[in-house]
Amino acid sequence: MIDIFTTGGTIDKVYFDALSEYQIGATALPDMLQENNVFVTHRVTQLMRKDSLELTDADRAAIHDAVVASDADKILVTHGTDTMVDTACVLSDVTGKTIVLTGSMQPASLRVSDAQFNVGFALAATQTLPHGIYIAMNGEVFDPATTKKDRAAHRFVSK
């Protein structure tokens, strides 16, 4: 069993037209997993619908509490990329579980998006990595303690 917790972020952004602001919509994960024939046993829980820049300490505590309370030892968290490392660091005291955070640089609703690849990659990482906290983005696995988002390059890098 893989518990998937969604928090919002770019992966779940919805744009209504070229002039409108985005909104965080219902999570795209259930449809994405079904459309890609993902059969691994999982459950999806949408914890919140927020851009990661809007996450508070209380939100991070809620994510932490959900991960700790889960009876699964494999956890995937979808998260906005801007503060993904911060949330991963909050989860660093959780032991006995493999916890992988992922997100996307483009919304899943767009034709050209890294969302589906990142979720698939993160699902594989969740199943194969030893217990610990990881960030899985764009084909690479990172240790949150030694990584950061390179906004100019639109990717994560090791410090």
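For the structure, check the block above.
Residues numbered from 1 in each chain as written. Predicted model: local features only at pLDDT ≥ 70, side-chain atom pairs only at ≥ 80, totals over all residues. Heavy atoms only, no water.

Participant: So what about the nonpolar core? Which residues, and what values?
Facilitator: Counting residues in each nonpolar core, the largest one holds 19 residues, and the members touching the most others are Val67, Ile75, Leu91, Ile99, Leu101, Ile135 and Phe156. Looking at this core, the elements that each hand over two or more residues are α2 (57–69), β5 (74–78), α3 (84–90), β6 (98–102) and β7 (132–137). In contact with Leu101, not counting residues within four places along its chain, are Val77, His79, Met84, Thr87, Ala88, Leu91, Ile133, Tyr134, Ile135 and Ala136. Residues Ile2, Ile11, Ala122 and Ala125 belong to the second largest nonpolar core, which totals 16 residues. (Core = buried A, V, L, I, M, F, W, Y, C linked by side-chain atoms within 4.5 Å. Buried < 20%, exposed > 50% of the residue type's maximum accessible area, 1.4 Å probe, protein only. Helix = DSSP H or I, 4+ residues; strand = E, 2+ residues; numbered from the N terminus. Contact = heavy atoms within 4.5 Å.)

Participant: Describe the packing of aromatic side chains, naming the residues involved and giving the relevant values.
Facilitator: Each aromatic ring pair is characterised by the separation of its centres together with the angle its planes make. Within this structure, the stated rule accounts for two aromatic pairs. Ring plane angle 5° and centroid distance 6.0 Å describe the contact between Phe117 and Phe121, whose orientation is recorded as stacked. Pair noted here: Phe117 and Phe121 are both in helix α4 (residues 115–128), with a separation of four residues, about one helical turn. With a relative accessible area of 23%, Phe121 lands in the partly exposed category. On the numbers, 6.3 Å between centres and 45° between planes, the contact of Phe142 with Phe156 is tilted. (Phe/Tyr/Trp six-rings, centres within 6.5 Å; stacked < 30°, edge-to-face > 60°.)

Participant: I'd like to hear about α4, residue by residue, with values.
Facilitator: Across its 14 residues, α4 extends 20 Å between first and last C-alpha, which sits within 8% of the 20 Å expected from 1.5 Å per residue. Ala115, Asn118, Val119, Ala122, Leu123, Ala125 and Thr126 are the residues of α4 that are buried. Summarising the axial view, the buried residues of α4 lie within an arc of 165°, below the 170-degree limit, and thus occupy one face. More than 90 degrees from the buried face of α4, the exposed residues found are Phe117 and Thr128. (Expected span 1.5 Å × (residues − 1). Arc of directions from axis to C-beta.)

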